[in-house]
Number of protein chains: 2
Amino acid sequence: MHLNAFLMPAGHHDAAWRHPSSGADRATDVAYYQDLARTAERGRLDSVFFADGVAIRPAPAANVAGGLEPLTLLAALAVVTSRVGLIATASTTFYEPYTLARAFASLDHISGGRAGWNIVTSGTEAEARNFNRDTHLDHAVRYQRAAEFVDVANALWESWEPDAIVFDRDAGVYADPSKIHDVGHTGEHFRVRGPLNVPRSPQGRPLLVQAGSSEDGRAFAARHAEAIFTAQQTLADGQAFYRDVKARAARHGRDPRILPGICPVLGSTEEEAHRLSESLTELQVLDYGLEQLSGMLNVDLSGYPLDGPLPDVLPSEDEINGNKSRFTLVARLARREKLTIRQIIARLGGGRGHRVFAGTPEQVADELEEWHRLGAADGFNIMPPVLPTGLEDFVDHVVPLLQKRGLFRHEYESTTLRGHYGLD
Amino acid sequence: MHLNAFLMPAGHHDAAWRHPSSGADRATDVAYYQDLARTAERGRLDSVFFADGVAIRPAPAANVAGGLEPLTLLAALAVVTSRVGLIATASTTFYEPYTLARAFASLDHISGGRAGWNIVTSGTEAEARNFNRDTHLDHAVRYQRAAEFVDVANALWESWEPDAIVFDRDAGVYADPSKIHDVGHTGEHFRVRGPLNVPRSPQGRPLLVQAGSSEDGRAFAARHAEAIFTAQQTLADGQAFYRDVKARAARHGRDPRILPGICPVLGSTEEEAHRLSESLTELQVLDYGLEQLSGMLNVDLSGYPLDGPLPDVLPSEDEINGNKSRFTLVARLARREKLTIRQIIARLGGGRGHRVFAGTPEQVADELEEWHRLGAADGFNIMPPVLPTGLEDFVDHVVPLLQKRGLFRHEYESTTLRGHYGLD
C-alpha cells in the first residue's frame, strides 16, 4: 500500500484554521512544513504533496489564503529529509516547459531523486487573469497543451545521456557533446530547442502525478501519469474508477498507482472522532462554504434557503470549464443522499469532495484495507482534517496497524520517490 | 564596504574546473553550495549570488555546463544559513511576472528576509530558442519589457498590506479583504490582475539587483536597482561608471550600492599568487576561450592567428544585441594594451571581463580599499578564481584585514539582505 500526505497550512477541513491545534498561523513558516515532512518521513510515507493554484483563493476573509510556492518550499524540505518523496503541483497552462523542466530537474538533484510533479491544467479565470488573459483556455485545449508540455519536458529530461559528463581534468574534456542532445521540438503550443541546462537528475525525471478525473483527465492520466490522485466518495465509485483507469493505462502498456483521497477524522474512540468532526462543522463559516459550493457548481447559491435542496436545474458537466469531475461528484452526492445546501456544505467541509471518514485508528485501517483489497486503491492520498495533529495521529496510530497487517513498509526500501511507488 | 560572493561550481577562471582544488565535480550537489554559503556567512558577507541563463552554454565539451536552477537552490541554502543574503538571477524576458514575483516572495519568507533578484533581460539566441522564438527580442524591447515586468512585480509584492492577515479564530475572520489589493495592470507586455497568492514577505520585496552597463542598462539601473554589479577594468573606468550611475540614480531620488567585480587570485606571497595565476592560464582550453571570445565580440575568430591582434574591423556596439557593455570593454582592453588573441583569452580567462588581481591578502585589501576610498565602489562582487578554496582564502585572510581597517563589519547588524546593504 502506498501513502501520500497531502499537506497544506491548516488541514483539509475548511474550518481547520479556526481549530486551536492547527498550524494555520504558520502558513508562511518553512519550519512548520519541515516538521510536517519529517513527520511523514517518520511514518515511512511514500511522499508529501502540495496542491497549487496561480491566483489567490476567492475568499481570503474566511480561510487561509496564500502560502509558499511549492517548488521553492520543497527544495527547503528536501534538505531536512532524506527519504520521503516531494511532490509539487505546477500548471502546464501557465508555465513554460523549459522553466518547469529545469526546476524539477533541480529539485530532483537537491532531493537525491525524490521529486514528483502533479500535473495540472489550471481551471479558473482568476488564474488566467494573472497571465495576460481575460478567460481561461478551454478544457480540451488545456489538455492538448498539457500533453505537448509533458512531451517537451520528457524530451528535455532525456536530453543528457547518463554518461554525458566525462570530467577528464587532464585531457580538458568536461562533457561529451554527442551525448547532450537538442530536443528540436516544434509543435502547436511550443517550440523548444534544448538541451536542458541541468544535467540528468537521479531519477532521470520527476515522478509524474495527475489528478484529473474528467474524460480528458482520465485519457491524459492513462498516457502519462505514474501516480493518480482521485476523489471517490463510495467504494463502488472507487472500484469503477480504478478499473477504468487501469484498463486505459494498460492499453498504453502502463500501470500507474491509483490513490483515492481520504480525510481521516481520528479519535481514540468513535465518540471522540465524531466529536472532532462535529466541532469542525460548528466552526465552519457558512458564507465561505456557500461561496466554495457556488464555485464548484458554477451556480450562485446565495439566494437559496440553506435548509432546502440544491436548485433543480444545475449546469451540465459540458458547461463546466473548471474541475468537471468534482462538479459531477458533488451533484451526484447531493442527489443520492438528498442533502440540503447546509448539509452539503458540512459534508464538503471535510475534504472538498474527497471521502471523509471519522473513526478510531482501527476503523480507519479497516477502511483503507478494504478499499485496497477490493480493487479500489493502490494506496491513499491522506488528507488530515487538521494539521499538524491529524498527520501525527495518522503516523503514530494508523501506520503501525497497517504495518502490523503486512500492508505497509516498516522501512524505506528505496532512496527515490519512483522507487517508493514500486516503479522503474 | 559591502561584499557579495559570486558563486558557481568551479570558480571564475575558465580553467578552474581542471584545477584539483575546485569543486567542479560537485556542480549538481546541493551540499557543495551549502558549504559555500556557510563560508560566506562565516565571513559576514552581505550576500551570495548565482548568475543564470536559460540555455546550456555553447561549449559543454570544455567547461562545466549545466547546474542547479537558482531559485530552488537558494531555498535549499536559506534553511542552512541564517544571515547571508541570497541573490538569484532571473530573466524578465522568459518568466511571467506572477510566477517570478511569487517565487521570490516565497524565497523571502523561507529565508526570513534575505532574498535578492538580479534582474536580467537575457541576451542569447540559444535562450530565445528554448522559449518559442527563433531570434531573441531586440535589446531595447527587452529593456522595455523588463521595466514593465518590474513594475508589475513591485505591485504584486505590494498587494498585501502588512496587516492584511487578521487571524481572528473566534470571529472566523482570517484576513481583511480590503487590505489585499488587485493590481489591475494592463500594459504593452503584460496584463495581470493580482493580488499575489503569497502574503507579504519579511522584506516586502526582494532586494533588486542589476548588472547591465549599456546605455539601456544604466538607465534601468538608475530607476530600479538597489545594488549594481559591474565589470570595470581600471580605477578610472570604475570611477566614471560610479559617478555616472550615482548621478542618474540621484535624479530619481535613489542611491544604489555599486559593486564592481574582482577576481582575487590569492597567495600567501606575491610569487605564490602569480604561480596560481599562471597554472590556471596553462590549464585553459584554447578552443573554448576562442569560442567565448568570438561570442562576446560577435566575430568568428577561428581563422585568425592566435599570436596576432584582433581583426581590424569589429562590429560596432550598435550591432551587438547581447551583452553590449562587455563587448565594448573587451574591444577597449585589447586596443589599449595591444594584446594578441592568445593574450586576450588569457586575460579574460580569469573573470570574463571582470578585473583580475593577483596578490597577497594585504595587496588585495589595499586594492579594495583604494577603489572604495577613491569613489569607484561601495563594495565588491567577489569572484574567486577557484571555488571553494578561493572563497575560503578570501574569508579567512582578506576579510580580517578589512575588518581590522574598519572597512567591513565584524558581525551582522541586520537580519535582512536589504539591511546588510544599508537600505530601507
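In this text the structure is predicted, and so the values were computed from the model without any measurement.

UniProt tags D52(A), T89(A), H139(A), Y143(A), S213(A) and S214(A) as "binding site: FMN" (unreviewed entry). Mapped onto the elements of the fold, D52(A) is located in the loop between β2 (47-50) and α2 (70-78). Contacts of D52(A), omitting those with residues within four sequence positions, involve P70(A), T89(A) and R102(B). Summarising the element assignment, H139(A) is placed in helix α5 (residues 139-157). For H139(A), a relative accessible area of 5% gives the class buried.

Residue and element names in this part refer to chain A. Considering the arrangement of structural elements, one finds E215 in helix α6 (residues 215-224). Sequence separation between E215 and A140 is 75 residues; the distance between their C-alpha atoms is 9.8 Å. Polar side-chain contacts of E215 include one of 3.1 Å to the side chain of R248.

Moving on, we get to the packing of helix α9 (residues 286-297) of chain A against helix α10 (residues 324-337) of chain A. The geometry of a pair of packed helices is captured by two quantities: the angle between their axes and the separation between those axes. All names here are of chain A. α10 packs onto α9 with a crossing angle of 115 degrees between their chain directions and a minimal axis gap of 8 Å. Viewed along their axes, α9 and α10 adopt a mutual orientation that is roughly perpendicular. Of the residues in α10, those in contact with L293, M296 and L297 of α9 are R326, F327, V330 and A331. Residues of the contact of α9 with α10, tallied by class, amount to six nonpolar, no polar and one charged.

For an α-helix the count is 3.6 residues per turn, leaving residues at separations of three or four pointing the same way. Residues and elements named next belong to chain A. The end-to-end C-alpha distance of helix α3 (residues 97-110), which contains 14 residues, comes to 20 Å, matching closely the 20 Å that a straight helix rising 1.5 Å per residue would cover. Among the 14 residues of α3, 14 are classified as buried, and the element is accordingly described as predominantly covered. Immediately downstream of α3, the backbone of G112 shows phi near 65 degrees, a positive value.

A few words now on the packing of helix α2 (residues 70-78) of chain B against helix α3 (residues 97-110) of chain B. Residue and element names in this part refer to chain B. The interhelical angle for the contact between α2 and α3, taken along N-to-C directions, is 10 degrees, at an axis separation of 9 Å. On the basis of their axis angle, the class for α2 and α3 is roughly parallel. Seen from α2, the contacting residues are L71, L74, A75 and A78; seen from α3, they are L100, A103, F104, L107 and I110.

With that settled, the discussion passes to the side chain of T340(B). With respect to the helices and strands, T340(B) occurs in the loop between α10 (324-337) and α11 (341-351). When residues no more than four places from it in sequence are discounted, the contact partners of T340(B) are L306(B), D307(B), G308(B) and P309(B).

Residues of helix α6 (residues 215-224) of chain B that are buried: G217(B), F220(B), A221(B), A222(B) and H224(B). On its buried side, α6(B) packs onto β4 (115-120), α5 (139-157), β9 (207-210), β10 (227-230) and α7 (235-250) of chain B.

Calculation rules
- Residues numbered from 1 in each chain as written.
- Chains lettered and ligands numbered in written order.
- Predicted model: local features only at pLDDT ≥ 70, side-chain atom pairs only at ≥ 80, totals over all residues.
- Heavy atoms only, no water.
- UniProt positions renumbered as here; feature names shortened; annotations may be inferred.
- Helix = DSSP H or I, 4+ residues; strand = E, 2+ residues; numbered from the N terminus.
- Contact = heavy atoms within 4.5 Å.
- Buried < 20%, exposed > 50% of the residue type's maximum accessible area, 1.4 Å probe, protein only.
- Polar contact = N/O pair within 3.5 Å; in protein donor to acceptor, adjacent residues only side chain to side chain.
- Axes fitted to C-alpha atoms, helices over the stretch in contact; angles between N-to-C directions.
- Parallel < 35°, antiparallel > 145°, perpendicular 65-115°, else oblique.
- Nonpolar A, V, L, I, M, F, W, Y, C, P; charged D, E, K, R; others polar.
- Expected span 1.5 Å × (residues − 1).

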